[in-house]
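Each chain, letter by letter, is given below.
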Amino acid sequence: DTEVTQTPKHLVMGMTNKKSLKCEQHMGHRAMYWYKQKAKKPPELMFVYSYEKLSINESVPSRFSPECPNSSLLNLHLHALQPEDSALYLCASSQDRPGSAGNTIYFGEGSWLTVV
Amino acid sequence: QKEVEQDPGPLSVPEGAIVSLNCTYSNSAFQYFMWYRQYSRKGPELLMYTYSSGNKEDGRFTAQVDKSSKYISLFIRDSQPSDSATYLCAMTFTDKLIFGTGTRLQVFP
């Protein structure tokens, strides 16, 4: 079983709503990630937090706003989304940054988001 | 040319077959290589992690890396219906994890 926990598992929201996705890990990992995955496509990186600081933002629209309250928690705040933002949103974590020797990235089960 | 190329399949094999999944890459800076398994509507599950050329075995799974040819493989021995999933290769350098497009595998009884 994955040790990266994501809530909610499913979310349906209107284009004017504000909602948040939450992620938690208790492995002592210092890097956390948000990925977006569309059907039959590989995960696409959105954000990377390293030691609680945002280190990578892959030119993600501002309607997605990440937050890392502490080393175990990662949130993704959603506002004014579009139907094309409907996807599986995956949280992941690793001991250190991706390019570090021996570093492996573990994914949560994901949050299925539908924007109507 | 994509940085990581992977045959999308689908690949359909009978139970007990040996499965070979492959990825090629173009950037020689990639240092660390992973294989993930993703069941339908689930998150990717890490199967194998390697960083040097050669083979690494874990149960029915063997990961192979050939850095000189920029080629990695995952072999599954004695395949089972429960192995039916999408398999994603992934590799890293600097701060990014780059995925292949994934290969859908179907193992039928």
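Quick caveat: nothing in here was measured; it's all calculated off a predicted structure.

Novice: Pulling in residues and values, what's your account of the nonpolar core?
Specialist: With 25 residues, the main nonpolar core has Val 4, Trp 35, Ile 72, Leu 74, Ile 76, Tyr 87 and Met 91 of chain B as its most contacted residues. The set of elements that each furnish at least two residues to this core consists of strand E3 (19-25), strand E4 (32-38), strand E5 (45-50), strand E7 (61-66), strand E8 (71-76), strand E9 (85-93) and strand E11 (103-108) of chain B. Listed in part, the 22 residues of the second largest apolar core include Cys 23, Tyr 49, Val 60 and Cys 91 of chain A.

Novice: Could you give me a rundown of the sheet that holds E8 of chain B, with the residues and numbers involved?
Specialist: All names here are of chain B. Spatially, E1-E3-E8-E7-E6 is the arrangement adopted by the five strands of the open sheet, whose pairing is antiparallel. Each having just a single partner strand, strand E1 (4-6) and strand E6 (54-58) make up the two edges of the open sheet. Between one strand axis and the next, the sheet turns through 15° on average, direction left out of account. Where E1 lies against E3, three bridges are found, and the strand directions are antiparallel. Across the sheet, Gln 6 pairs through a bridge with Cys 23, a residue of E3.

Novice: Help me get a handle on the interface of chain A and chain B, residues and values and all.
Specialist: The interface is formed by 23 residues belonging to chain A together with 20 residues belonging to chain B. Between chain A and chain B the total buried area reaches about 1,900 Å² when both faces are included, carbon and sulfur atoms providing 58% of it. A salt bridge links Glu 109 of chain A to Lys 42 of chain B; the shortest N-O distance between them is 4.0 Å. Across the contact surface, chain A and chain B share three residue pairs in polar contact (both at pLDDT 80 or more). The leading source of residues in the side of chain A that touches chain B is strand E10 (residues 105-107) of chain A, at three residues. Tallied by class, the residues present in the side of chain A that touches chain B amount to 12 nonpolar, eight polar and three charged.

Basis of the calculations
Residues numbered from 1 in each chain as written. Chains lettered and ligands numbered in written order. Predicted model: local features only at pLDDT ≥ 70, side-chain atom pairs only at ≥ 80, totals over all residues. Heavy atoms only, no water. Core = buried A, V, L, I, M, F, W, Y, C linked by side-chain atoms within 4.5 Å. Buried < 20%, exposed > 50% of the residue type's maximum accessible area, 1.4 Å probe, protein only. Helix = DSSP H or I, 4+ residues; strand = E, 2+ residues; numbered from the N terminus. Pairing = 2+ DSSP bridges. Axes fitted to C-alpha atoms, helices over the stretch in contact; angles between N-to-C directions. Contact = heavy atoms within 4.5 Å. Buried area = accessible area lost by both parts, 1.4 Å probe. Salt bridge = Lys/Arg side-chain N within 4 Å of Asp/Glu carboxyl O. Polar contact = N/O pair within 3.5 Å; in protein donor to acceptor, adjacent residues only side chain to side chain. Nonpolar A, V, L, I, M, F, W, Y, C, P; charged D, E, K, R; others polar.

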